[in-house]
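What follows is the residue order along each chain.
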Amino acid sequence: MCGIVGYIGEKNSIPILVEGLKRLEYRGYDSAGIAVISNDSKKATSIKSLGKVSKLEDKVEQTEIDLSSIGIAHTRWATHGEPSEPNAHPHFNKNKTLYLVHNGIVENYSEIKAKLTKDGYEFESETDTEVLVQLIDSFIKKGNTLLKSVRLAISEVTGTYGIAVISQTEPDKIIVAKKGSPLVIGIGNGEHFIASDVNALIGHTSRCIYLEDGEIVEVTKDKFAAHTIDDEDIKKEVEEISVELDAISKGDYPHYMLKEIYEQVNSVRDSFRGRILMDEGTAKLGGIERIAERIANSKRIVLSACGTSWHAGLVGEYMLEQFTGIPVEVDYASEFRYRNPIVDRKDSMFFISQSGETADTLAAMKEAKRRDALILGLCNVVGSSIARESEAGVYVHAGPEIGVASTKAFTSQLVVFALISVLVGRKRHLSLIDGQEILHELESLPKKIEQILKLNNQIEAIAEKFVNAQNFLYLGRGYNFPVALEGALKMKEISYIHAEGYPAAEMKHGPIALIDENMPVVFIAPKDSVYDKVITNIEEVKARKGRIIAIASENDTEIDKLVDYSIKIPDTIRMLMPILSVIPLQLLAYHVAVKKGLNVDQPRNLAKSVTVE
Ligand code: G6P
């Protein structure tokens with residue numbers, strides 16, 4: 001959370017910075033700000049605004065600013081201090097000659113603040129970040145260069161940071177440093193771009209370097225020099241960015257979320273494309289090929305993640321246990337790291353993350369590393385921290401996901417779990433025929449998704465009836481229990497309606513007390529081995545006058561006698577059903593939120609990439 005952008009070169013930095021912030025806005029949108037240094041006077045100026053980047057853009061347009069070819073910018077997700085202009089970044093020193101943007105948390109900020117206050121420093125904001133800029137200032141005042149001052153300051157910091165710093169005293173450079181929060185430098189011709197992720201670089205350059213923890217880089221328009229925090233030089237490898245501008249634009253869709261829901265026809269295909277070995281009834285996953293045997297011989301597989309990725313892990317658990325026979329556990333990353341987890345080198349651990357940057361997942365991964373487990377990443381964003389710090393892994397290939405509520409990354413994560421189940425299963429007891437059946441069914445999914453998307457108007461009409469609902473209950477069994485959780489999460493995230501997901505059979509142990517004529521209950525009830533049991537649960541809700549929406553199989557006409565609304569989807573094998581059954585729930589949440597007039601792509605208080613604990 002929080003997005004950082006920087007530019008140094010020959011061009012006017014301001015439009016580049018503002019455009020960069022817009023592309024990173026999914027990381028936070030409480031406030032935004034820029035700081036630039038004038039080409040002529042070499043004086044620094046800053047403009048900040050509460051709220052979205054568009055507000056900052058308006059303010060920038062109304063302000064006369066000298067041409068500046070160096071600047072830094074920030075979009076904030078508040079941690080320390082409420083969203084306000086004084087708390088917005090960039091933060092600065094007393095003379096307004098030194099500016100800094102920060103993504104992360106300075107954990108020992110009160111200690112540093114107390115020390116600086118003793119030395120006569122005053123603070124304008126309630127943020128942890130201001131402490132860092134003042135600390136750098138104190139080292140500059142002792143005669144150190146900007147680079148050395150940043151290095152000395154971050155040596156005193158505990159916590160996490162991705163920072164970019166500019167100073168009037170050395171107006172031809174940006175100093176950047178990273179620990180725990182992502183930073184990438186885009187390399188152009190006579191110019192450099194700095195960003196929290198590559199989305200902000202697309203269209204400017206296709207070459208970049210990713211910073212590692214503990215690295216500090218001096219960036220000028222023509223070159224960059226990377227050092228460790230102990231001042232040793234480092235040689236960085238230049239990498240290629242393969243994402244095109246189209247992939248991150250909204251196209252003709254009103255929202256990224258809707259675009260991404262519709263993209264699932266292709267993103268699901270992209271996730272299995274080139275990975276199916278039909279003749280052998282197995283999958284080819286280059287990233288884990290060399291250690292596939294070790295995974296197959298694991299004593300246990302542990303899946304760890306947050307949010308929607310955790311729900312994908314729950315479906316993954318069902319798949320892996322069914323097809324590999326290896327015991328599987330799913331753990332919230334945030335819980336895993338704060339227990340004394342029993343994990344050793346006989347365990348394989350998958351860390352699932354769309355962004356590959358979620359702080360809790362990254363920290364859980366580091367803890368598992370210390371305990372010698374096999375560390376595997378299952379990420380969407382190429383080159384992300386989790387992808388780079390795992391021993392091996394599989395990219396889900398969903399393409400850039402920008403809407404804060406995850407949709408296409410979820411279905412792609414499930415495709416990858418199906419492929420891993422087949423690959424590992426075939427190394428154990430899964431037969432050729434069974435492996436081939438799964439793979440054939442996988443190949444048939446894009447067409448079935450197309451069919452489901454044609455139900456959009458019907459789902460929109462159903463959404464209309466529930467715009468004023470105060471609560472929603474989502475119920476499913478077996479493979480569709482995690483889908484119930486995910487459906488409820490989508491509704492909560494973007495429509496701000498309280499929603500809960502439950503295993504259908506657990507309903508009678510509590511949630512049934514909530515059911516009356518005002519409670520909408522969404523059942524995920526395809527015709528599978530637990531269908532009859534789910535029908536019994538539907539009867540129980542109906543007897544108590546709950547309003548029922550069912551996600552049902554296309555040939556199921558019986559269910560219409562019991563429910564108020566049914567959304568009929570094509571059949572597939574049980575393990576793959578979540579990839580289909582979740583799509584109507586994504587659309588339902590989307591339409592309810594749009595009808596409530598809410599910002600579905602940037603729901604309040606949320607951020608797409610949670611890089612703080
Ligand atoms: C945030 C996002 C969710 C996402 C979760 C985990 O809460 O709003 O959509 O599922 O983080 O993110 P990750 O990138 O690790 O999958």
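Residues numbered from 1 in each chain as written. Predicted model: local features only at pLDDT ≥ 70, side-chain atom pairs only at ≥ 80, totals over all residues. Heavy atoms only, no water.

Re the overall build of the protein
Now for step 1: Check the secondary structure of the protein and you find 18 helices and 27 strands.
Now for step 2: Computed over C-alpha atoms, the radius of gyration of the protein comes to 25 Å, within 12% of the 25 Å expected from 2.2 N^0.38 for 613 residues, which places it in the range of a compact globule.
Now for step 3: Dimensions along the principal axes, computed over C-alpha positions, put the protein at roughly 80 × 55 × 45 Å.
Now for step 4: Residue pairs at least 24 apart in sequence account for 71% of intrachain contacts in the protein once pairs closer than 6 positions are excluded.
Now for step 5: Within the structure as shown, the protein displays about 23400 Å² of accessible surface, and the carbon and sulfur contribution to it stands at 47%. (Helix = DSSP H or I, 4+ residues; strand = E, 2+ residues; numbered from the N terminus. Rg over C-alpha atoms; globule rule 2.2 N^0.38 Å. Contact = heavy atoms within 4.5 Å. Areas by Shrake-Rupley, 256 points an atom, 1.4 Å probe, with all protein chains shown as cover.)

Here we look at the domain arrangement of the protein
Now for step 1: Per the domain assignment, the segments making up the protein are domain 1 (3-247), domain 2 (250-449) and domain 3 (455-613).
Now for step 2: Inter-centroid distance (C-alpha atoms) of domain 1 to domain 3 is 43 Å.
Now for step 3: Contacts between domain 1 and domain 3 engage 13 residues on the former and 11 residues on the latter.
Now for step 4: Taken together, the two surfaces of domain 1 and domain 3 that pack against each other cover about 1000 Å², and 51% of this comes from carbon and sulfur.
Now for step 5: Per-residue buried area on domain 1 facing domain 3 is highest for Tyr26, Tyr29 and Trp77; these three make up 51% of the total on that side.
Now for step 6: Between domain 1 and domain 3 we count 0 salt bridges in total.
Now for step 7: If you look at where domain 1 meets domain 3, you find 6 residue pairs in polar contact (both at pLDDT 80 or more).
Now for step 8: Here the side of domain 1 that touches domain 3 is composed, by residue class, of 5 nonpolar, 4 polar and 4 charged. (Domains from an automatic or database assignment. Buried area = accessible area lost by both parts, 1.4 Å probe. Salt bridge = Lys/Arg side-chain N within 4 Å of Asp/Glu carboxyl O. Polar contact = N/O pair within 3.5 Å; in protein donor to acceptor, adjacent residues only side chain to side chain. Nonpolar A, V, L, I, M, F, W, Y, C, P; charged D, E, K, R; others polar.)

Thoughts on the pairing of strand β26 (residues 547-553)
Now for step 1: Counting buried positions along β26 gives 6 out of 7 residues, so the element sits mostly inside the fold.
Now for step 2: Note: strand β25 (residues 520-525) against β26, 6 bridges, orientation parallel. In the strand pairing of β26, Ala525 is matched with Ala552.
Now for step 3: The handedness of the β25 to β26 crossover, carried by helix α17 (residues 531-543), is right-handed.
Now for step 4: Pairing of β26 with strand β27 (residues 565-569), which is carried by 5 bridges, proceeds in the parallel orientation. Each bridged residue has a counterpart across the sheet, and for Ile551 the counterpart in β27 is Ile567. (Buried < 20%, exposed > 50% of the residue type's maximum accessible area, 1.4 Å probe, protein only. Pairing = 2+ DSSP bridges. Right-handed = clockwise from strand over helix to strand, strands pointing away.)

Points about the site of the ligand
Now for step 1: Near the ligand lie 14 residues; those nearest to it are Ser309, Ser353, Gln354, Ser355 and Thr358.
Now for step 2: At a separation of 2.6 Å, an oxygen atom of the ligand approaches a polar side-chain atom of Ser353.
Now for step 3: Between the ligand and Ser355, the relevant distance is 2.6 Å, taken from an oxygen atom to a side-chain nitrogen or oxygen of the residue.
Now for step 4: Burial of the ligand by the protein chains amounts to 91% of its free accessible area of 390 Å².
Now for step 5: Of the residues in the shell around the ligand, the class split is 4 nonpolar, 8 polar and 2 charged.
Now for step 6: There are two domains that each give the shell around the ligand at least three residues, and those are domain 2 (250-449) and domain 3 (455-613). (Near = heavy atom within 4 Å.)

Notes on the packing of helix α13 (residues 408-426) against helix α18 (residues 577-595)
Now for step 1: Orientation of α13 relative to α18, taken along the N-to-C sense of each, is 170°, at an axis distance of 9 Å. Regarding the angle of α13 to α18, the classification is roughly antiparallel. Residues Phe410, Thr411, Leu414 and Val415 of α13 touch α18, and the partners they reach there are Pro578, Ile579 and Val582.
Now for step 2: Taken together, the residues of the contact of α13 with α18 break down into 6 nonpolar, 1 polar and no charged. (Axes fitted to C-alpha atoms, helices over the stretch in contact; angles between N-to-C directions. Parallel < 35°, antiparallel > 145°, perpendicular 65-115°, else oblique.)

A closer look at helix α2 (residues 53-61)
One full turn of an α-helix is made of 3.6 residues, so residues set three or four places apart face in the same direction.
Now for step 1: Burial in α2 covers these residues: Val53, Leu56 and Val60. Looking straight down α2, one finds that the buried residues subtend no more than 55° of arc, so they occupy a single side.
Now for step 2: Considering only its buried residues, α2 is in contact with α1 (13-24), β2 (31-38), β3 (44-50) and β4 (68-76). (Arc of directions from axis to C-beta.)

Notes on the sheet that holds β3
Now for step 1: If you walk across this open sheet you meet the 8 strands as β3-β2-β4-β1-β10-β9-β11-β15, and the pairing is antiparallel. Both edges of this open sheet fall to β3 and β15 (239-240), since each of them pairs with a single strand only.
Now for step 2: Bridge count between β2 and β3: 7 bridges; the pairing is antiparallel. Each residue of the ladder has a partner; that of Val36, found in β3, is Thr45.

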